Amino acid sequence: ARTGLGFDVHRLVAGAPLWLCGVEIPHSHGLSGHSDADVAIHALVDAILGALAEGDIGSHFPPSDPQWRGARSGQFLAFAAERVRARGGIIDHVDVTIICEAPKIGPHRDAMRSALARIMDIPESRVSVKATTTERLGLTGRGEGIAAQTLA
Amino acid sequence: ARTGLGFDVHRLVAGAPLWLCGVEIPHSHGLSGHSDADVAIHALVDAILGALAEGDIGSHFPPSDPQWRGARSGQFLAFAAERVRARGGIIDHVDVTIICEAPKIGPHRDAMRSALARIMDIPESRVSVKATTTERLGLTGRGEGIAAQTLA
Amino acid sequence: ARTGLGFDVHRLVAGAPLWLCGVEIPHSHGLSGHSDADVAIHALVDAILGALAEGDIGSHFPPSDPQWRGARSGQFLAFAAERVRARGGIIDHVDVTIICEAPKIGPHRDAMRSALARIMDIPESRVSVKATTTERLGLTGRGEGIAAQTLA
Ligand SMILES: [Mg+2]
Ligand SMILES: [Mg+2]
Ligand SMILES: [Mg+2]
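The name given to chain A in an unreviewed UniProt entry is Bifunctional enzyme IspD/IspF, with Sphingobium lignivorans as the source organism.

What follows is the structure, encoded as structure tokens:
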């Protein structure tokens, strides 16, 4: 049983779509960056790759590569889950923490767990999605970006 | 064996009591926020709930609910530990990291380990409490708040 | 199977040597602080000590103690790995995440994995090294410091 830890931050910008855990969330701001910038999935991909010791999301899907511009991050996660199976492993449990002041994550938790479970092809009961704020402090507290931290 | 990851930040304010890991620490500043604002216990509760995939501390004890105003966070941790037992599990090991410039955590480590062990009803040898600074950088480095990161 | 989590931040200063994961990286800036300030090894030592519930790097190697000034952090990691063996354990897997805007970590990943594996005396296949940026946000995004987060 190996465990990996992922962390990522993306910048919030006005008017962009907001994807988190494979779900589009209605919000005044969205995330910019690599692909659809789904910071939670990026951190989860890194946690899985970390457990496998197979590099990181940037080594498999370089942000500089135009083919990933605007890409749905779900395909990165499907790739990581497939790597686990190719190595003869199973994804026993994943735990995602989204760190932001807004939007509220709770109302979307079930949809997020369901989306992640579907992409990884594991039971929803093995997918945890949590959220916390940083009490208006720091980059997430000022609403400059959203961070995600994940264990797999 | 499932593992969960918790993270939390609370704001430091002058003259408030400082609770960390269930221990009141003499210090010029204390934490404000939800309940007694024991940021380390909050992160630990989230780690346990993450391992169980049973939501997060905010979904069980909403900060907006007046009944938790000023509440001792130990009761949230006792609840989480009870959930583990109700699911037929045991808390094998917890590892708490407190991130702050001040106060020094080392002198309180033993009291903290003992308090957490007592609340969760597990041996002290299974409770790790660590601390680090961020070298006067960032929100914790400027003394605006204390962060805690926990594995369970 | 116990798991520990380590986190550390060190300050970037112009002209200092930059040590990360036991490898010296050519870069305009280096890290200042305790010992050679290898923030990734510090976080890894804390993860291992956290899994053992044996305090933290600061309790074993106090930054205030002049004997550790300029010390190579590899010796702290060798100590932690030895503590695992002394307790009858093995280091099954470690996962290091380096959080910085620059330098690029990818080109040094293999050297870092190899250096860490050698110090801990475990196979390189059990050592994961990953990197992420915070998109120019926060203390790492502004280049004020480098953070590392580690699981062991
Ligand atoms: Mg990303
Ligand atoms: Mg809290
Ligand atoms: Mg350090």
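For a metal bound by four donors in a tetrahedral arrangement, the ideal donor-metal-donor angle is 109.5 degrees, while six donors in an octahedral arrangement ideally sit at 90 or 180 degrees. Residue and element names in this part refer to chain C. Those donors, D8 (OD), H10 (NE2) and H42 (ND1), are the protein atoms that reach the magnesium ion (ligand 3), and they lie 2.0 to 2.3 Å from it. Counting the intervening residues between successive donors of the magnesium ion (ligand 3) yields the motif D-x1-H-x31-H. Pair noted here: D8 is in strand 1 (residues 5–14) and H42 is in helix 1 (residues 39–52), with a separation of 34 residues, a long-range link. Per residue, the accessibility class of D8 equals that of H42, and both read buried.

Residue and element names in this part refer to chain B. Taken together, the protein ligands of the magnesium ion (ligand 2) are D8 (OD), H10 (NE2) and H42 (ND1), with distances of 2.0 to 2.3 Å. Each donor residue of the magnesium ion (ligand 2) lies on one chain, and together they are spaced D-x1-H-x31-H. Overall, the relative accessible area of 2% leaves H10 in the buried class.

Another point: the interface of chain C and chain A. Tallying the contact residues gives 25 residues for chain C and 25 residues for chain A. For the pair chain C and chain A, the summed buried surface comes to about 2000 Å²; carbon and sulfur atoms form 52% of the total. Per-residue buried area on chain C facing chain A is highest for K130(C), E135(C) and L137(C); these three make up 28% of the total on that side. Its salt-bridge partner being R109(C), residue D56(A) comes within 3.4 Å of it at the nearest N-O pair. Along the contact surface separating chain C from chain A lie eleven residue pairs in polar contact (both at pLDDT 80 or more). The set of elements that each furnish at least two residues to the side of chain C that touches chain A consists of strand 5 (94–99), helix 4 (109–120), strand 6 (127–132) and strand 7 (145–151) of chain C.

Quick look at the interface of chain B and chain A now. Many structure descriptions define interface size as the accessible area lost when the parts assemble. On the chain A side, the residues contacting the 25 residues of chain B number 25 residues. A buried area of about 2000 Å², summed over both sides, lies between chain B and chain A, and 52% of it is on carbon and sulfur atoms. The largest per-residue losses of area from chain B upon contact with chain A belong to R2(B), L5(B) and R11(B), which jointly make up 31% of the total buried on that side. Remark: the boundary between chain B and chain A carries one salt bridge. Elements with a minimum of two residues in the side of chain B that touches chain A: strand 1 (5–14), helix 1 (39–52) and strand 7 (145–151) of chain B. With six residues, the top contributor of residues to the side of chain B that touches chain A is strand 1 of chain B. Here the residues of the side of chain B that touches chain A are counted per class, giving eight nonpolar, ten polar and seven charged.

This paragraph deals with the UniProt feature "binding site: a divalent metal cation" (unreviewed entry) in chain A. UniProt's feature table lists "binding site: a divalent metal cation" (unreviewed entry) at D8(A), H10(A) and H42(A), given in the numbering used throughout. Separation in sequence by 35 residues is not matched in space for these annotated residues, since their most distant C-alpha atoms are only 9.8 Å apart. You can see H10(A) is positioned in strand 1 (residues 5–14). Those residues in contact with H10(A), other than ones at most four positions away along the chain, are L31(A), S32(A), G33(A), H34(A), A37(A), V39(A), H42(A), E144(A), G145(A), I146(A), E135(C) and L137(C). A distance of 3.0 Å separates a polar side-chain atom of H10(A) from the backbone oxygen of S32(A). A residue is classified by how much of its surface remains accessible, and H42(A), at 2% relative accessible area, is buried. Not counting the four nearest positions on each side in its chain, H42(A) is found in contact with D8(A), H10(A), H34(A), S35(A), D36(A), A37(A), I57(A), S73(A) and F76(A).

So, about the relation of the copies chain B and chain A. At an RMSD of 0.0 Å, chain B and chain A line up after a rotation of 120° and a shift of 0.0 Å along the axis. The transformation just described matches what one would write down for a three-fold rotation axis. Distance from the rotation axis, computed per C-alpha, reaches its smallest value in chain B at G138(B): 3.9 Å.

Another point: helix 3 (residues 74–86) of chain B. Residue and element names in this part refer to chain B. With 13 residues, helix 3 ought to run about 18 Å at 1.5 Å a step, and its terminal C-alpha atoms sit 18 Å apart, in line with that. Every buried residue of helix 3 is listed here: G74, F76, L77, A80, A81 and V84. Buried residues in helix 3, looked at end-on, bunch into an arc of 160°, giving them a common side. Each element contacted by the buried residues of helix 3 is listed here: helix 1, helix 2 (57–60) and helix 4 (109–120). Of the residues trailing helix 3, G88 is marked for its positive phi of about 85°.

Rules and cut-offs
Residues numbered from 1 in each chain as written. Chains lettered and ligands numbered in written order. Predicted model: local features only at pLDDT ≥ 70, side-chain atom pairs only at ≥ 80, totals over all residues. Heavy atoms only, no water. Donors = N, O, S within 2.8 Å, 3.2 Å for Na, K, Ca; no water. Helix = DSSP H or I, 4+ residues; strand = E, 2+ residues; numbered from the N terminus. Buried < 20%, exposed > 50% of the residue type's maximum accessible area, 1.4 Å probe, protein only. Contact = heavy atoms within 4.5 Å. Buried area = accessible area lost by both parts, 1.4 Å probe. Salt bridge = Lys/Arg side-chain N within 4 Å of Asp/Glu carboxyl O. Polar contact = N/O pair within 3.5 Å; in protein donor to acceptor, adjacent residues only side chain to side chain. Nonpolar A, V, L, I, M, F, W, Y, C, P; charged D, E, K, R; others polar. UniProt positions renumbered as here; feature names shortened; annotations may be inferred. Least-squares fit on C-alpha atoms with pLDDT ≥ 70 in both. Expected span 1.5 Å × (residues − 1). Arc of directions from axis to C-beta.

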